[in-house]
Structure formats: structure tokens, C-alpha cells
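An overview of the molecular structure
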Amino acid sequence: MSGIDVREAITQAHHEEWARVVAALTRRFGDLDIAEEAAAEAFATAVQRWPADGVPPNPGAWLTTTANRKAIDRIRRESRRDDKHKEAQMVYDDDPREPVGAIDDDRLRLIFTCCHPALAMESRVALTLRMVAGLTMPEIARAFLVAESAMGQRITRAKAKIKAARIPYRVPSAEDLPARVSGVLAVLYLVFNEGYLATGPDTDPVRHELTAEAIRLTRLIRVLLPDDGEVAGLLALMLLTEARRPARVSADGELVALDEQDRGTWDAGLIAEGHRLVRERLAAAAGEAPGRYQILAAINAVHTSARDMRDTDWSQVLALYDQLVRLDPSPIVALNRAIAVAELDGPEVALAVVGRLEPRLAGYHAYHATRADLLRRLGRDHESRAAYDKAIGLAGNTAEIAYLTRRRDPLR
């Protein structure tokens, strides 16, 4: 196997095995710091050894075994230094702890640990993105639009609080699940979004391993809470979005916008399942106000029902965004609503709406990309080109940069 193939194998193993290794170590040793550091050391060892020794037949088992040895070495050192008898005893405890909760899944237990209500919501999401999804610190910082150093401190504090408060590693009991699920859904939504359009310049523009893991875990949550509307809504949203993934990036590595996508390549099976979930929720929740994920799923159902962009029911899309704004009056929701306004009332009306968002979205590339498109449609090419330049400077995804550059270059 060539050096390039080995690097690809290590990258693939990281995508597939990071959460599994961290979760297994957390179950055994009960310490997120030990689990994360031992997993990182195991992957670093793979980088050193696999090019010379070859990729092992079972990379996941190799990584887990190596990480366990790294963790044991660390515990032995610390037990000698600090007389940590309890942790030292774990070195010789090869019996897995009994699973607690409705589903025996290490990663699901890890999510609920990281999303414990004792932690601030931002810390829950950031910690889970790191520990479960294996995102890097820069990727998580970009997802939150904060500095990398601030995000590192947030995650460090969250791990310390879990350890100090002795937060258990388990799926909550049935009576506690409804109160705990909202933080988990927020995590899974961000993990999915990072996979659907990665924020980093040095990753694949679309990371299927992240979208697949987010969908898998959301399905598990739905087994736990089959009557929860927001769980069903998030699953429907993911499925309808994932269905469009085959058309999302061109063969040249350029992002393909919704109006340019070949809808014949969309996954009909995922669309059918997503539409069924939306219909079931509408029927089950008669007279009950839908939540954020249910509304977003309904918006995506409208888009995936249209044969092409011209057939889109934009009045329904706008009505759904009006509902969403009342639930979530964030500037990003308002920005997405403005796109529907442009289709119904024209780009000039939408541009005025977008302009009011600048104080809060000046550092967000999608704000400048939306403004650039509206200016282009109005024939204001010079202003449009300047807005595209700002969007390109702020965008991190190479596929999106390629798309924005193609839209900008004909403008003078």
C-alpha cells in the first residue's frame, strides 16, 4: 500500500472510529480527558506505524487496543505519582460496565453524558462535537463563530465540570429523557450540518461519515422517544437534506446551488421517508404548534416536492419561515427567510431585509453571498462583485469558494 493510501486509510479510520474509541474508553475508565488523549495518541501512533507496518486487518480494533494501552500507561504513571488507587484498579478491570438505559450504545451514552443539563448549552454542543463527532477545534470554533482559543477553554471547562460533578456515563431514565433531549438534538443538528457542508478548508466539502452518524444517532433517539415531534422533525429534516447530497458538489469539486442541481440524482427513498415523517407529524400534532425542526423539515419537504426550482411553492416556504422566525428570531433564520422574500416580492425588497442584518452578520460569509446574489439580480454588478469578494474571503469550504468565484468572475 502506498503512502497516500495509508494516509487515506488513517483518515477514514479517524472518521469511522473516533467516537467508537472515545466512547469505549469513557465506559471503561470513566474519564473524558483520559479517553480523548488516549484516542488521540492511538491515532498518532497509527500515523507513525501504519506506513511502515501496513494497515491492520481490523483498524478499529487496533486503534481501540492501542488507545486502551495508552490510557493504562497514563493511569499507571498518575497512580504512582498521585496514589490514585481507584484509577489504578481500572488498569486490571477488563470487564465492561453494565449498560444503563434503554439502548446499549456507547456513543449514545457518551452523547447524553456530554449533553448533561449541568453544563451550559454551548458547552454541551461543543463538547459533543469534539468527543463524539471528532471535529477539530477550528471546525467547532467556526460552527459557533467564535475564536479557537475561546472554544478550547469552553471544552476544557466542560470536561472538568463533568469530572468534578461525577456526571454519570449513561442514557437517562425514561422520565428524564424529554427534558434532556433538546440539547442532544442541537448537537446532532450541528454534526449533520458540518457533514453536509464542512466548514474547514482542509476537509472534504461533504463529509458523509458525519451525516450518516448524525442520522444513525437520531434514529436511536427516535426509538427512545417515538412520540416526540421534534425528534421526528429533526430526522425528517436530515433525511430530506441528505437526499440531495449526490447533487450537492460537481465533479469539479464545486458547490451546486439548489436551483442548479440535477433533481434526478436525489435519493428518492430518503425523500419518501422524510415526507412520510412530515405527514405523520402533521396528522399527530393537529392543533399543536410545531417546533423548530418540524418547521425546517416542512420547508425542505416543499423544496423536495418541486420538480424544479420554478415549481417551488414559495408562498408556503415564506409562511413556514414566518412561523420559524416567531420561534427562533435569529439573524440566520431571517437571512434564509429573505431568500423566499426575493422569490415572491423581488430582489430589491429582499435586499432591504438583508441590509438590516449586517450589524449581526457582517462576519458571516452567507450574508455576503446572499447580498451578492441579490445585487447581481438587480444589475448592480460592481457592488455584487465586492460582496462576492467578502463572501469568498470569509468562506472556509473549498467547494463553496469555487462556486462563489464562478458567480463573481463574470461581473465587472
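Here the structure is shown first, and the text comes after it.
Heads up: these notes are all about the structure in this document. (Residues numbered from 1 in each chain as written. Predicted model: local features only at pLDDT ≥ 70, side-chain atom pairs only at ≥ 80, totals over all residues. Heavy atoms only, no water.)

Examining the overall build of the chain
When helices and strands are tallied, the chain shows 20 helices and zero strands. For the chain, the proportion of its 412 residues judged to be buried stands at 52%. Within the chain, residue pairs in contact and separated by at least 24 positions form 65% of the contacts whose partners lie at least 6 positions apart. Working note: accessible area of the chain is about 19,500 Å², and carbon and sulfur atoms make up 51% of it. (Helix = DSSP H or I, 4+ residues; strand = E, 2+ residues; numbered from the N terminus. Buried < 20%, exposed > 50% of the residue type's maximum accessible area, 1.4 Å probe, protein only. Contact = heavy atoms within 4.5 Å. Areas by Shrake-Rupley, 256 points an atom, 1.4 Å probe, with all protein chains shown as cover.)

Digging into the side chain of Glu-36
One can find Glu-36 in helix α2 (residues 32–53). In contact with Glu-36, not counting residues within four places along its chain, are Trp-18, Arg-130, Met-131 and Lys-159.

Regarding the packing of aromatic side chains
All told, the structure shown has four aromatic pairs when counted by the stated rule. Aromatic side chains Tyr-189 and Tyr-293 sit 5.4 Å apart centroid to centroid with 75 degrees between the ring planes, which places their arrangement in the edge-to-face category. Here Tyr-293 lies in helix α13 (residues 292–305) and Tyr-189 lies in helix α9 (residues 177–196), a separation of 104 residues in the sequence. When the centroid spacing of 6.1 Å and the interplanar angle of 10 degrees are considered together, the rings of Phe-192 and Tyr-196 count as stacked. Linking Phe-192 with Tyr-196, this pair stays in helix α9, spanning four residues, or about one helical turn. (Phe/Tyr/Trp six-rings, centres within 6.5 Å; stacked < 30°, edge-to-face > 60°.)

Observations concerning the nonpolar core
In terms of nonpolar packing, the biggest core is built from 127 residues, with Leu-110, Leu-127 and Ile-221 touching the most fellow members. For this core, the leading source of residues is α9, giving 11 residues. If near-sequence neighbours (up to four positions away) are discounted, Ile-221 is found in contact with Leu-108, Phe-112, Val-181, Val-184, Leu-185, Leu-188 and Val-231. (Core = buried A, V, L, I, M, F, W, Y, C linked by side-chain atoms within 4.5 Å.)

A look at the packing of α13 against helix α14 (residues 314–327)
In a pair of packed helices, the angle between the axes and the distance between the axes together describe the arrangement. Axis separation between α13 and α14 bottoms out at 10 Å; the angle between their running directions is 165 degrees. Taken together, the axes of α13 and α14 lie roughly antiparallel to each other. Taken as a pair, α13 and α14 cross one another with a handedness that is left-handed. Contacts from Arg-292, Ile-295, Leu-296, Ala-298, Ile-299, Val-302 and His-303 of α13 reach α14 at Trp-314, Gln-316, Val-317, Leu-320, Tyr-321, Gln-323, Leu-324 and Leu-327. Across the contact of α13 with α14, the residue classes tally to 11 nonpolar, three polar and one charged. (Axes fitted to C-alpha atoms, helices over the stretch in contact; angles between N-to-C directions. Parallel < 35°, antiparallel > 145°, perpendicular 65-115°, else oblique. Left-handed = near helix turned anticlockwise from the far one by under 90°. Nonpolar A, V, L, I, M, F, W, Y, C, P; charged D, E, K, R; others polar.)

A short note on the packing of helix α19 (residues 381–394) against helix α20 (residues 398–408)
The contact between α19 and α20 brings their axes to 10 Å, and the two run at 165 degrees. With respect to α20, the element α19 is oriented roughly antiparallel. Seen from above, α19 lies across α20 with left-handed handedness. Contact residues: Arg-385, Tyr-388, Asp-389, Ala-391 and Ile-392 in α19; Ile-401, Leu-404, Thr-405, Arg-407 and Arg-408 in α20. Looking at the contact of α19 with α20 residue by residue, the class counts come to five nonpolar, one polar and four charged.

A short note on the state of the cysteines
Tallied over the full model, the rule gives zero disulfides. With no disulfide partner, Cys-114 has as its closest neighbouring cysteine sulfur the one in Cys-115, 6.5 Å distant. On the basis of relative accessibility, which here comes to 0%, the residue Cys-114 falls in the buried class. Residue classification places Cys-115 among the buried positions, given a relative accessible area of 0%. (Disulfide = S-S within 2.5 Å.)

With respect to α9
In this model α9 runs 28 Å from its N-terminal to its C-terminal C-alpha over 20 residues, within 8% of the 28 Å that 1.5 Å per residue would give. At Gly-183, α9 shows its strongest bend, of approximately 25 degrees. Of all 20 residues in α9, 15 are buried, a share of seventy percent or more. (Expected span 1.5 Å × (residues − 1). Bend = angle between axes of the 7 residues up to and from the residue.)

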